[in-house]
Amino acid sequence: MFRKIIFFVLISYFFSCRENDYKEKPLNEISKNELPENFDFLPTSTTNQVYKHQTYTFSYSEEHEQSEWVAYYLDNDDITNAYFERPFFEQDPLVETQSADWRNYKKSGYDKGHLCPAGDRKGSFDEYSETFFTSNISPQEHEFNSGVWNRLEEKVRYWAVKNDGLFVVTGGVLSDNLKTIGKEDVSVPNYFYKILLSKDGSKMIGFLVPHENSVQALYEFVVSVDVIEKMTGIDFYPNLEDTIENQLESKSDYKGWSF
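This report concerns the structure included in the present document. All values reported here derive from a predicted model rather than from experimental measurement.

### Some remarks on the nonpolar core
Judged by nonpolar contacts, the single largest core of 41 residues is most densely connected at Leu166, Leu196, Phe207 and Val209. Looking at this core, the elements with two or more residues in it are strand 2 (57-61), strand 3 (66-74), helix 4 (148-162), strand 6 (166-172), strand 8 (186-188), strand 9 (191-198) and strand 10 (204-210). It is helix 4 that contributes the most residues to this core, six residues altogether. Aside from chain neighbours lying at most four places away, what touches Leu196 is Val156, Trp159, Leu166, Phe167, Val168, Lys203, Met204, Ile205, Phe207, Tyr237 and Trp257.

In structure tokens, the structure reads:
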């Protein structure tokens, strides 16, 4: 019994030291194997309606009937050649105020645009199916959805493999006086954004894309994360060490990202 007590004391001391070492290290000096599973990379929520599915988390805006952000981790395990039959879109059972009914989109002229793409969740059919909750969609013009936004989604998957994993946050910029569709007045964003943080924490990049068809190169949509934060009122990485957060979020260049 005495030996067991000593063992647990030593184990507790070991993990306490690891945790302290972790907190004292800049994020870009932490190896990917050191990142604790419960490290919180979630943005702040302006609505206080945050819900977690199996492989992504989202902050729902009842006012706009869609998520203000969807956050998830993406790596090569999520990106496979698996073929799954597309499920029907359904209201999200997690949303206490009820997510928008898919019928709001019917004959609206807008696609049901995924925020967390179905193509980013091909590790299993269950994970794939989760992307078809209406909390994970936003009205998107077809040419935008199948064009520049799709190009960006494909590029994100490429970077996820190249960088051995990415933390992704994405959504529409929700503001006052937006056009709406359907009986529930689902807002149509004028801009959509994506923010990527490499798993090792060494680099971050933000994209702000006008909601319109475009043939512009993707790097032309790169902005600092600070710009997106000012437009949305969201702090995207509040739990990063302040010095690192300020340094990464103020950059608007795309050095280190292969376009």
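### Notes on the environment of Ser124
Counting through the fold element by element, Ser124 comes out in the loop between strand 4 (111-114) and helix 2 (125-130). Overall, the relative accessible area of 24% leaves Ser124 in the partly exposed class. For the pair Ser124 and Ala82, spaced 42 residues apart in sequence, the C-alpha separation works out to 8.3 Å.

### Some details on the pairing of strand 6
Among the seven residues that make up strand 6, seven are buried, leaving the element largely enclosed by the rest of the structure. The alternating pattern of strand 6 places Leu166, Val168, Thr170 and Gly172 on one face and Phe167, Val169 and Gly171 on the opposite face, and all of these are buried. Bridge count for strand 3 against strand 6 is five bridges, and the pairing is antiparallel. What sits directly across from Tyr73, in strand 6, is Phe167. Of the strand pairs in this sheet, strand 6 and strand 9 are connected by seven bridges, and their pairing is antiparallel. The residue bridging Thr170 from the neighbouring strand is Lys194, located in strand 9.

Cut-offs applied
- Residues numbered from 1 in each chain as written.
- Predicted model: local features only at pLDDT ≥ 70, side-chain atom pairs only at ≥ 80, totals over all residues.
- Heavy atoms only, no water.
- Core = buried A, V, L, I, M, F, W, Y, C linked by side-chain atoms within 4.5 Å.
- Buried < 20%, exposed > 50% of the residue type's maximum accessible area, 1.4 Å probe, protein only.
- Helix = DSSP H or I, 4+ residues; strand = E, 2+ residues; numbered from the N terminus.
- Contact = heavy atoms within 4.5 Å.
- Pairing = 2+ DSSP bridges.

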